[in-house]
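Architecture at a glance
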Amino acid sequence: MGSGGRLYCAFISACLVVLGMLLMLQVFVGFRAPGPRWVTKDGVTFTIISIDNSRDGAQPGGGARGNQPERSGSPRGFETRGAVFLESEAGVLRDYMPKFYQDENENFTQKQSDRSQIDLQPWAGGQPSFTAEVQRFIEYISTTQVHCARELTAGEPQEEKVLAGSWTVCLEGWFLNREVGPCVAYSFSLDQKDAGFVSRMASLAGCEVHQFDPGARPVPGRDEREVKRHQTWLDWREPKHGSRRNTPKKLGLIMESLGHHKVEFVQADLESAEWKVLENLVLDGTLGRIQQLVVTVHLHWAGFEVGGSEAGVVRFWYSLLKELQGAGYRLLHSATGPGHTILRHRLAGVSSTYTLSWVNTRWNY
């Protein structure tokens, strides 16, 4: 055989070796590659490999957002030192995603027990506007959404409901089921400002009442049998390792420590920490374990760990309360408090604080 023939045979042998290596590599990848395997009608099996094309390789908080399109870290004109918020506009990428990718992402999202951020509502006026956001927010918190035939209020006569700091809870039969035992009420307030709520929930509603005030001290001669007092406080953050017994805790941890899976009434005046606490209740699912929620909101400043433009802050407040509505809560009563300032702006016809009473219409025992 000539030299040309030998070169030809060597070339053919090399091609066969390379082809064999490629076939082995394909089989190896088929067994090792992550992702679901799909079988076509012809019986051919192939593997889908999902590739994260986000800028940092992970969603904020470490959780996937399912079918949400890639977004910037913060909404337009909004900055935050806490959670990252998402715009609520529908994502266009969903319409172009193959069906099997949608199913895979939806299944992954459904396995997540906790959300990592709330969804921001669209701008009130289509673009950032402090005036438009305030108008929408005040109208929302001033409009009741549910009626109760039997109410327990902050005082008698009924007209006292309009006074500053007043509250209302519903004692209607379909909200309370005494067959399961006495109701449970939590009250969070500093300097005993919740004395009226605590007293009436114990004496008139017949609830097992727990009062939380880190600065409270036992008063000699006072009957402590009706009310259980705790020197701890409500927080939205995880307690630090090795913290003291009365350290601030999330509501879910407080309920667990007291042996309560569900609580009928929660009253909270948290001195501007209410926004982050409410956000935490929404994100970790504790909101569904509360029947009625009475919260005093403070509007003279953004609140702890809430930042951004003035329009963005009010939009966040509104979006957070819309999350309550999405969870089945309806506004039973709204009472104005002192002051006429919102984010340092003195405005006519508004108050700096509002006490909002909500009822969970999806409650079940």
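Residues numbered from 1 in each chain as written. Predicted model: local features only at pLDDT ≥ 70, side-chain atom pairs only at ≥ 80, totals over all residues. Heavy atoms only, no water.

Focus on the overall build of the protein
Within the protein one finds seven helices and 15 strands. Relative to its full complement of 365 residues, the protein shows a buried share of 39%. Within the protein, contacts between residues separated by at least 24 positions form 67% of all contacts whose residues are at least 6 apart in sequence. Accessible surface, the protein as shown: approximately 20300 Å² in total, 56% of it carbon and sulfur. (Helix = DSSP H or I, 4+ residues; strand = E, 2+ residues; numbered from the N terminus. Buried < 20%, exposed > 50% of the residue type's maximum accessible area, 1.4 Å probe, protein only. Contact = heavy atoms within 4.5 Å. Areas by Shrake-Rupley, 256 points an atom, 1.4 Å probe, with all protein chains shown as cover.)

Considering the sheet that holds strand β7 (residues 184-188)
Here we have seven strands laid out as an open sheet, ordered β9-β8-β7-β10-β11-β15-β12, and mixed in their pairing. Sheet topology places β9 (227-230) and β12 (329-336) at the edges, where each strand pairs with a single neighbour. On average, adjacent strands in this sheet sit at an angle of 15° to one another, irrespective of strand direction. Pairing geometry for β7 and strand β10 (residues 263-268), over four bridges, is parallel. When the bridges of β10 are listed, Ser187 appears paired with Gln267. (Pairing = 2+ DSSP bridges. Axes fitted to C-alpha atoms, helices over the stretch in contact; angles between N-to-C directions.)

A word on the pattern of salt bridges
Considering all chains together, one arrives at eight salt bridges under this definition. Residue Asp235 pairs with Arg237 through a salt bridge whose shortest N-O separation is 3.1 Å. Using a relative accessible area of 9% as the deciding quantity, one classes Asp235 as buried. Ionic pairing is found between Glu279 and Lys276, a salt bridge with its closest N-O pair at 2.7 Å. In this pair, Glu279 and Lys276 both sit in helix α6 (residues 274-284), three residues apart, roughly one turn of the helix. (Salt bridge = Lys/Arg side-chain N within 4 Å of Asp/Glu carboxyl O.)

So, the packing of aromatic side chains
Inspection of the entire model under this criterion finds eleven aromatic pairs. Aromatic side chains Tyr140 and Tyr318 sit 5.3 Å apart centroid to centroid with 80° between the ring planes, which places their arrangement in the edge-to-face category. You can see Tyr140 sitting in helix α3 (residues 130-141) and its partner Tyr318 sitting in helix α7 (residues 310-326), a full 178 residues away along the chain. Residue class for Tyr140 comes out buried when judged on its relative accessible area of 11%. The exposure class assigned to Tyr318 is buried, which follows from its relative accessible area of 10%. Here the aromatic rings of Tyr140 and Trp358 are separated by 6.5 Å at their centres, their planes lie at 40°, and the arrangement is tilted. With Tyr140 in helix α3 and Trp358 in strand β15 (residues 353-360), the pair connects residues that are 218 residues apart, well separated along the chain. We classify Trp358 as buried; its relative accessible area is 3%. The rings of Tyr186, Phe188, Phe212 and Trp233 are connected pair by pair, giving a single aromatic cluster. Sitting above the plane of the Trp236 ring, Arg237 keeps its charged end 4.2 Å from the centroid. Over the ring of Trp363 we find Lys262, and its NZ or CZ is 5.2 Å from the ring centre. (Phe/Tyr/Trp six-rings, centres within 6.5 Å; stacked < 30°, edge-to-face > 60°. Lys NZ or Arg CZ within 6 Å of the ring centre and 35° of its normal.)

Concerning the packing of α3 against α7
Running from N to C, α3 and α7 point in directions that differ by 25°, and their axes come no closer than 8 Å. When the interaxial angle is binned, α3 and α7 end up roughly parallel. In this structure, α3 crosses over α7, and the sense of that crossing is left-handed. Where α3 approaches α7, its residues Phe130, Glu133, Val134, Arg136, Phe137, Tyr140 and Ile141 are matched on the opposing element by Glu310, Ala311, Val314, Arg315, Trp317, Tyr318, Leu321, Lys322 and Gln325. In terms of residue class, the contact of α3 with α7 is made up of ten nonpolar, one polar and five charged. (Parallel < 35°, antiparallel > 145°, perpendicular 65-115°, else oblique. Left-handed = near helix turned anticlockwise from the far one by under 90°. Nonpolar A, V, L, I, M, F, W, Y, C, P; charged D, E, K, R; others polar.)

Some thoughts on the confidence of the model for the protein
In the predicted model, the protein carries a mean pLDDT of 74, and 64% of its residues have values of at least 70. Predicted confidence is poor over residues 29-113, with pLDDT under 50, and the contacts of this stretch with residues over four places away or in other chains come to 106 contacts. Contacts for the low-pLDDT stretch residues 157-164, under 50 throughout, to residues beyond four places or in other chains number 15 contacts. (pLDDT = per-residue confidence, 0-100.)

Examining the side chain of Glu264
Note on placement: Glu264 falls in strand β10. At 2.8 Å, the side chain of Glu264 and the backbone nitrogen of Val184 are in polar contact. (Polar contact = N/O pair within 3.5 Å; in protein donor to acceptor, adjacent residues only side chain to side chain.)

Some details on the environment of Trp167
Within the element layout of this structure, Trp167 appears in the loop between β5 (151-153) and β6 (168-170). In this structure the C-alpha to C-alpha distance between Trp167 and Ala335, which are 168 residues apart in sequence, comes to 7.1 Å. Trp167 has contacts with Leu152, Thr153, Ala154, Gly196, Phe197, Arg200, Val294, His333, Thr355 and Ser357, leaving out every residue within four places of it along the chain.

Some remarks on the nonpolar core
In this structure, Phe137, Tyr186, Phe188, Trp275 and Trp317 are the most contacted members of the largest nonpolar core, which totals 53 residues. A total of eight residues in this core trace back to one element, the largest contributor, which is α7. Counting 16 residues, the second-largest nonpolar core is a separate cluster that includes Cys183, Ala185, Met201 and Cys207. (Core = buried A, V, L, I, M, F, W, Y, C linked by side-chain atoms within 4.5 Å.)

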